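# Overview (structure and organization)
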Amino acid sequence: MNQSNIAGIILCLMGMLLCAFPLVIWKMSEKWKSNSASTPSTKYITTIRVVGGTFIGLGILLALGVID
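Keep in mind that this is a model prediction, so the values were computed, not measured.

### A word on the confidence of the model for the protein
In the predicted model, the protein carries a mean pLDDT of 93, and the fraction of residues at 70 or more is 100%. Averaged pLDDT values for the elements of the protein fall to 93 in helix H2 (residues 22–29) and rise to 96 in helix H3 (residues 42–64).

Here it is, written out as structure tokens:
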């Protein structure tokens, strides 16, 4: 197993976390910036899930050795 495979696996795991727990990601990274924010916008959740899906796709390609 080389570095590209390991990076692909890590990228897939990060992508799965982004897709599965967008509210937790928002609480850790964005909630502290606003006193009145109680929930993230739907656009934020959609964006986080799209980024997570992209990470998963790139991670799979890296893990399989399609891209270096």
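### Quick notes on the environment of Ile 56
Position of Ile 56 relative to the elements: it lies in helix H3. Taking C-alpha positions, Ile 56 is 7.7 Å from Met 14, a pair spaced 42 residues apart along the chain. Ignoring sequence-local partners within four residues, the contact set of Ile 56 consists of Leu 11, Cys 12, Gly 15, Met 16 and Cys 19.

### Some remarks on the environment of Leu 64
Within the secondary structure, Leu 64 is located in helix H3. Residue class for Leu 64 comes out exposed when judged on its relative accessible area of 65%. The spacing of Leu 64 and Arg 49 is 15 residues in sequence and 22 Å in space, taken between C-alpha atoms.

### Focus on the pattern of salt bridges
Pairs may arise between side chains of opposite charge once their charged atoms sit close together. In total, this model carries 1 salt bridge according to the counting rule given. Notably, a salt bridge pairs Lys 33 with Glu 30, separated by 3.3 Å at the nearest N-O pair. Assessed through its relative accessible area of 30%, Glu 30 is described here as partly exposed.

Quick notes on the rules
- Residues numbered from 1 in each chain as written.
- Predicted model: local features only at pLDDT ≥ 70, side-chain atom pairs only at ≥ 80, totals over all residues.
- Heavy atoms only, no water.
- pLDDT = per-residue confidence, 0-100.
- Helix = DSSP H or I, 4+ residues; strand = E, 2+ residues; numbered from the N terminus.
- Contact = heavy atoms within 4.5 Å.
- Buried < 20%, exposed > 50% of the residue type's maximum accessible area, 1.4 Å probe, protein only.
- Salt bridge = Lys/Arg side-chain N within 4 Å of Asp/Glu carboxyl O.

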